[in-house]
Amino acid sequence: MVSLSTVLEKITYGFQSMTYPGDFNIVYDNSENNLECVEIQQTFVGKHWTELTLETLLEQKSALGFLTPEAFQFYLPAYLSIVIQEFDEVDVLPDNTVFYLTLPLEVDQLYQLNAIQDLPNDLQSAFDQSANEIKPMINQFLLEELSRSTQRVHNFIERVSGFNQQQGQAIRYYLEYLSENTDYFIRDQPKVAIDRYWFIFPL
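The structure reproduced in this document is the subject of the present report. Here the structure is a predicted model, which means the values were calculated and not measured.

**A closer look at the overall build of the protein**
So, point 1. Across its full length, the protein holds 10 helices and zero strands.
So, point 2. Counted from the first residue to the last, the protein has its helices and strands arranged as α-α-α-α-α-α-α-α-α-α.
So, point 3. Within the protein, the fraction of its 203 residues that count as buried is 43%.
So, point 4. A separation threshold of at least 6 residues defines the contact pool for the protein, and within that pool the share at least 24 residues apart is 74%.
So, point 5. Looking at the protein as shown, the accessible area adds up to about 11100 Å², and 51% of this sits on carbon and sulfur atoms.

**Structural notes on the pattern of salt bridges**
So, point 1. For the coordinates displayed, the defined rule picks out three salt bridges.
So, point 2. One salt bridge in this structure joins aspartate 91 and lysine 61, with 2.5 Å as the shortest N-O distance. Pair noted here: aspartate 91 is in the loop between helix H4 (69-85) and helix H5 (93-100) and lysine 61 is in the loop between helix H3 (54-59) and H4, with a separation of 30 residues, a long-range link.
So, point 3. The exposure class assigned to lysine 61 is partly exposed, which follows from its relative accessible area of 31%.
So, point 4. Linking glutamate 176 and arginine 172 is a salt bridge whose minimum nitrogen-to-oxygen distance equals 2.8 Å. On the criterion of helical spacing, the pair formed by glutamate 176 and arginine 172 is a turn pair, its members being four residues apart in helix H9 (residues 165-181).
So, point 5. Take arginine 172: its relative accessible area is 13%, and that puts it in the buried class.

**A short note on the environment of tyrosine 100**
So, point 1. With respect to the element layout, tyrosine 100 can be found in helix H5.
So, point 2. Along the sequence, tyrosine 100 and alanine 193 sit 93 residues apart, while their C-alpha atoms lie 9.2 Å from each other.
So, point 3. Sequence-distant contacts of tyrosine 100, that is, excluding residues within four places in its chain, are made with Leu64, Gly65, Phe72, Phe156 and Arg159.

**What about the side chain of threonine 56?**
So, point 1. Along the chain, threonine 56 falls in helix H3.
So, point 2. What makes threonine 56 buried here is its relative accessible area of 16%.

**Considering helix H1 (residues 4-15)**
Given 3.6 residues to a turn, an α-helix orients residues that are three or four positions apart in the same direction.
So, point 1. End to end, H1 covers 17 Å across 12 residues, agreeing with the expected 16 Å (1.5 Å per residue, within 8%).
So, point 2. Burial in H1 covers these residues: Val7, Ile11, Gly14 and Phe15. Along the axis of H1, the buried positions cluster into a sector of 80°, meaning they face one direction only. Those residues of H1 that are exposed and aimed more than 90 degrees away from the buried face are Ser5, Glu9 and Tyr13.
So, point 3. If you follow the buried residues of H1, they end up packed against H4 and H9.

Reading the values: rules and limits
Residues numbered from 1 in each chain as written. Predicted model: local features only at pLDDT ≥ 70, side-chain atom pairs only at ≥ 80, totals over all residues. Heavy atoms only, no water. Helix = DSSP H or I, 4+ residues; strand = E, 2+ residues; numbered from the N terminus. Buried < 20%, exposed > 50% of the residue type's maximum accessible area, 1.4 Å probe, protein only. Contact = heavy atoms within 4.5 Å. Areas by Shrake-Rupley, 256 points an atom, 1.4 Å probe, with all protein chains shown as cover. Salt bridge = Lys/Arg side-chain N within 4 Å of Asp/Glu carboxyl O. Expected span 1.5 Å × (residues − 1). Arc of directions from axis to C-beta.

Listed below in C-alpha cells is the structure:
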C-alpha cells in the first residue's frame, strides 16, 4: 500500500527543479477580459508552488482549468501535496485534480459512434427513420463530438506531455494513494485515471 510519506517524497523529488513559467504565462488569457484568469494570475504571480497555502488553493479551486500547460505543470504539485496532507479540509480539490489528470472519456464515445456509423444498412433501417436519413445525422453528430473531444484530448496531452519520468511517477503515486486510502470516490476515479494513462509510469 502506498504511504503518505512516499507520495510526498516523490512529489518533492520529482518537482523540485520545475521552472517558474513567467508572470505572463500563468493563465491562458492575459487580456484582462476574463475576470477569473485575472484573479488567478494575480494570486499566483511570482509564487513558487511550495508557497501556495491550503487557503489559497481553496480560493482558486478551479484554477487548474485556466492555467497554461507550463503553469499547470508547475503548480500541480502544490495541489497534489496539499490534497493528501489535508484531505478532510480540501473540499472539491481531489475531484478537480483527478479530473484534469484523466484522459477524456469522450474518446471512447467516438469509437462507439464510429461503430454505429459502420452498421450495415439493414441494421440501421431498424431505427425509426430510414438509413438514408440517419446517416447524415450520425455524420454531423460525429463531427461535433470530434471537435469537442479533440480539443479536450489536445488540452490533456499539452498538460501531461511536459512531465518527465519522475514527475509522471509522482502523479501515479498520488493517484494510487487516493485509490487505496480513501473512500471518497464513488467510481474509483483515481484508478480510472491510472488505467487510462498513468499506468505507463511504473511504481
